[in-house]
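Structural characterization, general
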Amino acid sequence: MTGGGDPLAASAESTSEPEQLLFGGELTYDYGWGAHDGAWLKLGPRAMAGSLPKQVSVAVRLAREADARAFATVAVSEIARGVTQAVSLIAVNTLLVELLAPGDMTGRLRAALPSLVLVAVLAVIGSACRSASSAATGILEPKAQRVATERYLGLVARVELEAIEDDAFHKLMDSAQWGADSARRMVGYCTAVVTSAISLIAAAGVLTVLHPVLLPLLVLMALPSAWGSLTMARHRYISWHRFVQHVRAAKLISQLLINQQAAAEVRVHDAAPFLLTHFRQMVETSEREQTRLAWTGARTNLAADSTRGIATVATYGALGLLLWYGQMGLAVAGTAVLAIRSGAASITDLVLRVTDVQEEALFVADLEKLCEEAARRSIPVGGLDVPEDAHEIRFEKVTFTYPGADKPSLHGVDLVIPRGRTVALVGRNGSGKSTLVRLLSGSRLPDSGRVLWGGVSTAEADRAQVFDRVAMVAQDFFRWPFTARVNIGIGRSSAAMDDRSIEAAAVYAGADEVVRGLPRGLDSLLVRGYKGGQEISGGQWQKIGLARARHRDGAVLIVDEPTSALDPAAEQRVFDQIHRLAGSGQTTVLITHRLHSVRAADLIYVLDEGRVVEHGTFAELMDPAIGAGVFREMYELQARQFLDPSLPAQAAPVEAAPGKAAAAVPRDRLDGAEEVPHDRLT
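Residues numbered from 1 in each chain as written. Predicted model: local features only at pLDDT ≥ 70, side-chain atom pairs only at ≥ 80, totals over all residues. Heavy atoms only, no water.

**As for the pairing of strand β8 (residues 587-591)**
Put simply, the rule is: Partly exposed residues are those whose accessible area sits between 20% and 50% of the maximum for their type, while under 20% is buried and over 50% is exposed, using a 1.4 Å probe and protein chains only. Per the convention used, a helix needs a DSSP run of H or I reaching at least four residues, while a strand needs a run of E reaching at least two, with both numbered from the N terminus. One bridge is not enough; two strands pair if DSSP finds at least two bridges between them.
Burial of β8 is extensive: 5 of the 5 residues sit out of reach of the surface. Across the two faces of β8 the burial is the same, with Thr587, Val589 and Ile591 and Thr588 and Leu590 all buried. Bridge analysis of strand β3 (residues 422-427) against β8 gives 4 bridges, and the strand direction is parallel. Each bridged residue has a counterpart across the sheet, and for valine 423 the counterpart in β8 is valine 589. Pairing of strand β7 (residues 556-560) with β8 involves 5 bridges; the strand directions are parallel. In the strand pairing of β8, valine 559 is matched with leucine 590.

Below you can see the structure in the form of C-alpha cells.
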C-alpha cells in the first residue's frame, strides 16, 4: 500500500469474503494495545534484547511465587553446573599441557592423572546438577502457569462490566491468555538460557586467559545468529497479533459445525457446505500469512548464517595465525579449540533459547499489560457501608449512556423503590428497564445523578455490599455446565451447598419437580457432552434460575421476565411466590411484558425512551378519569389479544372500572399470552 493510497479502500480490497460476509469487515488488527506502553509491536531487535531482562524478571517472580524451594534448586544447580564447566576447561588445559610436555609417556600420564580424575569428578558433578535442575524445572513449570492464570483470571473477574464489553480489552485478553502458557514455557527456557550463558561465560573466560584476541572473535560469531533469531521473533509476534482474531474467527466457524445447539439447524438448513467453504477461505488466508513468514525466515536465516560463517572462519584463522607466529603453544591451542567449540555451541544454544524466551516474553508482557489494565479498570474495593435495612432505593436525575451509543439509555430518571414492596418496571423494548436494574444492582454506575441505597450513593458505596444485597434472575440467566446442585447453590457460592438449603430453594421455585425427574437428583449434570449429562427444557431451566435467586436470599430480588418459558399454572405460582416475598419484607423489582402480572404490584413505573413517563398503582394507572395513559393503552392492547374477535373493540373489559379490570379479563386467558395461538382462544 502506497503512502498516497486510501487506507480504507486498501483495507476493503484485502478483506476476504468470509470476513466481510460473516463478520462485517476485516478481522486483522491495527496493533491496538501494541501502541501502548513499551510499543512491543514496533520494537527492533536491539530494543527487544534490551527489554529481555525485565521480562525474564517477570518469569523469575512467577517462579519464586509458585515454588521458592524449587526455584532455589534450579538457581543453585545451574550456577554450580557453570562453575564445574569453567573448572573443567581449566583442568583440560592442564591435562593437555602434561600430556604434551617432553619426557617419557609413563611420566606424562602419571603427571596428568590428577587432572584426569578432576575432569571425571567434575563431569559427574555437572551431570548431577543438570538432573536436579531438570527435576526442579519440571516442578516449577505447571505451578508458574497456575499462578499466572489465577492472577489474570482473578483480576479480570473483578473489572467493571464496561471493560468486559470493550473490544480492545477483549483483544488484550486474547493474547494474554497465551501469556500464562508462555510463563510456563519461560521457566524452562530461562533455565536453558542460564545454562548456556554460564557455559559461554566459562568458555569466554578461558579464551580471555589463553589470548585476549579470541574473545572478540567469539562475540562476533554470536551477533549474526542473535540478529536473525530476534528479527524472526518480532515478525512472528507481529503476525500473531494482527491475525489473532482472524484465527479465533476461523475456529469459531469450525466449532459451529460440531456445536450441540447449532446441530439441528446445521442439518435442517444444510448449512455445513456454506460454513466449510468459508472456513476453508479463512484458513487459506492464514496459510498465505504462514507462507510469507516462511520466506521472510529463509531470507533472514540466509543472511545470518552467511555472516556467522564468515565470523567462524575469521576466528579459526586468527587461531592459526597465533600458532604460526608462535604466540600460542600447541597445548594452549588445543584448549582454545575446545573452548571455541564449547563457546560456539553455547552461543548457538543461547541464541535459540534467548529467542524462545523473547517470543514468550512478548506474550508474558501482554499478560502483564492485561493485569495492569484489569487492575486499573477493576471495581473499587471498599467504600461507604451500605445500610443493612435501607428504607428505600432512590434514583435522582440518573442519566446513563452505553459506550459507543448515540443517545442515553436513561435520561434524568427519578424514582423510589420502597423497602419490602413489589415495584414493577414496564415499557416497550429498549425503554431502559434492564439498564435501570443494572444501575440499581451496582453493576453499572450512572454518568450523572445518583442511585442511593438508604442515602449512600452506589458510586461511593462498598460495591461488594451492594452486590451482596441483590439476588437476580433474568430471562437469559447463565446456565452453568455443572450439576443441578451447583446451578442452584451458586446463587450464594460462599455458603454450603447442602441438601437442606438447596432443596428448600428448589421447592420454593417449583424446581423440586425438575430435580425429582433427573436420574441422579441434585447431582445430575445439566449439560450434554459429558458422561451422565442431561438436557432439560427452557421452562425447567427457568425454575432452576428462580431457585438460584431464592437460595441467594438477597434483600432485593430483581426479576427480569421470569416466566417467559413457563406454562400458565407455573407462571401464576411464580408470581404468587414473588408477592409473598414482598410480604415477608423482601424488596422485589419486577420487569415483565405481561402486564396482567403487575396488578398486585405496590408501585408501577412506566418507562419510555429512557424516561419515567408514568408511575402509580395498577388502579391509578388504569383509572379512566385520568385519560388514556401509556400503561392503560399497553394493557388494553395486550388484553384484546384474548377477546373473542367477534366482539367490538370498545367492549374490551379493560374499559371497566379499575377494580373490576382483573375480573373482567380471566386470569387463565391472560397467562401464557405469548404461547397460546389466537385460533385456540376463539
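**Considering unusual backbone geometry**
Positive phi, close to 50 degrees, is recorded for lysine 397, a residue that is not glycine. For lysine 397, the position within the fold is in strand β1 (residues 392-400). Notably, glutamate 609 is not glycine yet its phi reads approximately 55 degrees, a positive angle. Its place among the elements puts glutamate 609 in the loop between β9 (603-608) and β10 (611-616).

**Looking at the side chain of lysine 433**
The condition that has to hold: Polar contact criterion, stated in full: a pair of N or O atoms within 3.5 Å, where within protein one must be able to donate a hydrogen and the other to accept it, and residues adjacent in sequence count only if both atoms are side-chain atoms. In what follows, residue pairs with any heavy atoms lying within 4.5 Å of each other are defined as contacts.
Structurally, lysine 433 can be placed in helix α12 (residues 433-441). At 3.2 Å, the side chain of lysine 433 forms a polar contact with the backbone oxygen of arginine 428. With sequence-adjacent residues up to four places away left out, lysine 433 is seen in contact with Leu425, Val426, Gly427, Arg428, Ile591, His593 and Leu607.

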